[in-house]
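# Inside the fold
In case you want the letters, here they are:
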Amino acid sequence: MPIRILPAVGDADAVRSLVSLLSQLPDAEPLAPVVDSTGLVDTLARAAAESVDELPEVVVVHERIGPVPALELIREVALRFPAVGVVLVTTDTSPGLFAAAMDSGARGLVGLPLSYEELAGRVQAVAQWSTGVRRHLGHGADVFAGVGGTVVTVSGAKGGTGATLVAVQIALAAQASGHSTALVDLDLQTGDIASYLDVQFRRSVADLAAVNDISPRVMAEAVFRHDSGLALLLAPAEGERGEEVTDRAARQILSALRSRYEMVIVDCGAQLGGAGAAAVETADLALLVTTPDVVAVRAAKRTVRMWDRLQIRKAEETTVVVNRYTRGTEIQPALIQRITGTALAGTPIPANFKELQGAVDAGRMHELDSRSTVKQALWGLAGELGLVRTEEGARPRRSGTRARGGERAAVGFRRRKELP
């Protein structure tokens, strides 16, 4: 059986050199190279969605791959596609880098300039390892079911549009349908999820920011298990600690959550920082919540344009959710879609704060009456988006979504933060 090898190289000259050598390896089948980290993760995700057998046995990552640094990319591939062996190609073959690569999940390291003998030996050894892992696990679909959990971000066009309400209720809907669900508060300075769910907590997302290797034990210590079954990772009680959660930390935290939960719902609030930018860029589905009034719709349009300028997310890859909708409002959802250029959720959320006030004031949003038209609409929205388990147990749909590396968003945010 041929060894399928996927090169991930950003430099054109390095691509030619690597592919030329890989083509000479016995029983090797080099695949079309990918030129950045986003392309690599997307390619593996598409293959895994079809079948484990479609995944390449070996991925060769060049040290100059971008925008996500090579070691972080290797860590993500190892977490999400554990039957794929990764080889790092690098000029630095020191013991320190070798140890770091192994800690990140690489199965081998090859030095530059490339040597046929070294590359052939390492690739064949890693391919044997990959084949053995798949044989040992019997191609178990439960172990290699695809790309990991679904990450959904919920952002507000401006403050007060109801992003937290939407995030909480769609997370509750996903959990109630049988999905293991984590709800993350990345509104780092003004997050309200703890207040909405009547939670007293000691640990927060800030406690994971400095952790380089987020093990299941470390994650369990930071996550609060709510009565509803939700796993909560909350914003720090001291807002100034939000600065500790960098774009890089946010990406690593979400990657760890994705590997442990079927659904990861992230409340990003209305302010864009590095962590929120990384989350939106990484998400499989990005929701932008607005209300049908001029001020909020203008804010939604500004947000969509800003995401596009910073290369965080394109307008057509964003889904607008209309909150506090009434049939008599002058600005209808179809007009909002034309103004923003985004996709539009087919389920608007009706304006009926009286239904919510008791639950909000008591901090018991999880006990909102099931007869509430607002709750019914929000849970219907979760079903529309594919976040609710169907009777057949199908995986959530990912139409118009993507799995991307989050570092690019952070780079764009830092590079262009002076834009008007």
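The name that an unreviewed UniProt entry assigns to the protein is P-loop NTPase, with the source organism given as Streptomyces hyaluromycini.

## Focus: the sheet that holds strand β1 (residues 3-8)
Read from one edge of the open sheet, five strands run β2-β1-β3-β4-β5, paired in parallel fashion. Each of the sheet's edge strands pairs with one partner strand only, and the pair in question is β2 (28-30) and β5 (108-111). Each strand axis lies, on average, 25° off the axis of its neighbour in the sheet, ignoring direction. One ladder, built from five bridges, connects strand β3 (residues 58-62) with strand β4 (residues 85-90); its direction is parallel. By the bridge assignment, His62 is partnered in β4 with Val89. Against the sheet, helix α1 (residues 12-24) contacts β1, β2 and β3, and its axis sits at roughly 170° relative to β1.

## With respect to the packing of aromatic side chains
Applying the stated criterion to the full structure yields zero aromatic pairs. Over the aromatic face of Trp379 sits the side chain of Lys375, whose NZ or CZ is 4.7 Å from the ring centroid.

## Examining the pairing of strand β7 (residues 181-185)
Walk down a regular strand and you will see the side chains alternate between the two sheet faces. Of all five residues in β7, five are buried; the element is thus mostly enclosed. Here β7 shows two buried faces, one formed by Thr181, Leu183 and Asp185 and the other by Ala182 and Val184. Relative to strand β10 (residues 263-269), β7 is paired through five bridges, and the arrangement is parallel. Counterpart to Thr181 in the pairing with β10 is Met263. Pairing analysis gives three bridges linking β7 to strand β9 (residues 231-233), with the strands arranged parallel. Residue pairing in the sheet places Ala182 in a bridge with Ala231 of β9.

## What about the side chain of Lys375?
With respect to the helices and strands, the residue Lys375 is situated in helix α14 (residues 373-384). Put simply, Lys375 is tucked away with no salt bridge, and the nearest opposite charge, on Asp369, sits 7.0 Å away. A distance of 3.1 Å separates a polar side-chain atom of Lys375 from the backbone oxygen of Leu368. Once you skip the residues sitting within four places of it in the chain, Lys375 turns out to touch Gln169, Leu368, Asp369 and Ser370.

## Focus: the environment of Ile331
Considering the arrangement of structural elements, one finds Ile331 in the loop between β12 (318-322) and α12 (333-340). The class for Ile331 is buried, based on a relative accessible area of 13%. Measuring from C-alpha to C-alpha, the distance between Ile331 and Asp293 comes to 6.5 Å, with 38 residues separating the pair along the chain. Excluding its chain neighbours within four sequence positions, the residues that come into contact with Ile331 are Pro292, Asp293, Val294, Val297 and Ile336.

## What to know about the pattern of salt bridges
What the rule picks out here adds up to 14 salt bridges. Put simply, Asp207 and Arg241 hold a salt bridge, and the shortest N to O gap is 3.6 Å. Taken as a pair, Asp207 in the loop between α7 (193-196) and α8 (216-222) and Arg241 in the loop between β9 and α9 (247-258) lie far apart in primary sequence, 34 residues in all. Accessibility expressed as a relative area gives 24% for Asp207, which makes it partly exposed. Note on Arg241: relative accessible area 23%, which makes it partly exposed.

## A few points about the sheet that holds β12
Within a sheet, neighbouring strands are paired by backbone hydrogen bonds and run either parallel or antiparallel to one another. If you walk across this open sheet you meet the eight strands as β8-β9-β7-β10-β6-β11-β12-β13, and the pairing is mixed. The sheet terminates laterally at β8 (224-225) and β13 (343-344), the two strands that pair on one side only.

## Observations regarding unusual backbone geometry
Most peptide bonds take the trans form, and the phi angle of most residues other than glycine is negative. Residue Pro67 follows Gly66 across a cis peptide bond; omega there is -5°. Geometrically, the link from Leu112 to Pro113 is a cis peptide bond, its omega value of 0° lying close to zero. Looking at the secondary structure, you find Pro113 in the loop between β5 and α5 (116-136). A positive phi angle is found at Asp198, which is not glycine, with a value near 55°. Locating Asp198 in the fold gives a position in the loop between α7 and α8.

## A short note on the environment of Ile3
With respect to the helices, strands and loops of the structure, Ile3 is situated in strand β1. On the accessibility criterion, Ile3 (14% relative accessible area) is buried. Note: C-alpha distance between Ile3 and Thr131 (128 residues apart in sequence) is 9.5 Å. Contact partners of Ile3, with chain neighbours within four places excluded, come to Asp27, Ala28, Glu29, Glu57, Val58, Gln124 and Ala127.

Scoring rules and cut-offs
- Sequence order sets the numbering: in each chain, residues are counted from 1 along the sequence as written.
- Thresholds applied to this predicted model are a pLDDT of at least 70 for local features of residues and 80 or more for the giving and counting of side-chain atom pairs; totals over whole chains, interfaces and linings are not thresholded and use all residues.
- Note that water and hydrogens are dropped before the side-chain values are worked out from all heavy atoms of the structure.
- Paired strands, as defined in this entry, are two strands with at least two bridges between them according to DSSP.
- Numbered from the N terminus, helices here are DSSP runs of H or I no shorter than four residues, and strands are runs of E no shorter than two.
- Under this scheme, a helix contributes an axis fitted over its contacting stretch, all axes are lines through C-alpha atoms, and angles between N-to-C directions fall in the 0 to 180 degree range.
- Note on contacts: a residue pair qualifies if any of its non-hydrogen atoms lie within 4.5 Å across the two residues.
- When the centres of two rings from Phe, Tyr and Trp lie within 6.5 Å, Trp using its six-membered ring, the rings pair. Their planes under 30 degrees apart give stacked, over 60 give edge-to-face, and anything left gives tilted.
- For a Lys NZ or an Arg CZ to count as sitting over a ring, it must be within 6 Å of the ring centre and within 35 degrees of the ring normal.
- Accessibility here uses a 1.4 Å probe with only protein chains present; expressed as a share of the type maximum, an area under 20% marks a residue as buried, one over 50% as exposed, and anything in between as partly exposed.
- Asp and Glu are treated as the negative residues and Lys and Arg as the positive ones, with His and the ends of the chain left uncounted.
- One speaks of a salt bridge when a side-chain nitrogen belonging to Lys or Arg is within 4 Å of a carboxyl oxygen belonging to Asp or Glu.
- Under this definition, polar contacts are N or O atom pairs within 3.5 Å; protein pairs additionally need one hydrogen-donor-capable and one acceptor-capable atom, and for neighbouring residues in sequence, both atoms have to be side-chain atoms.

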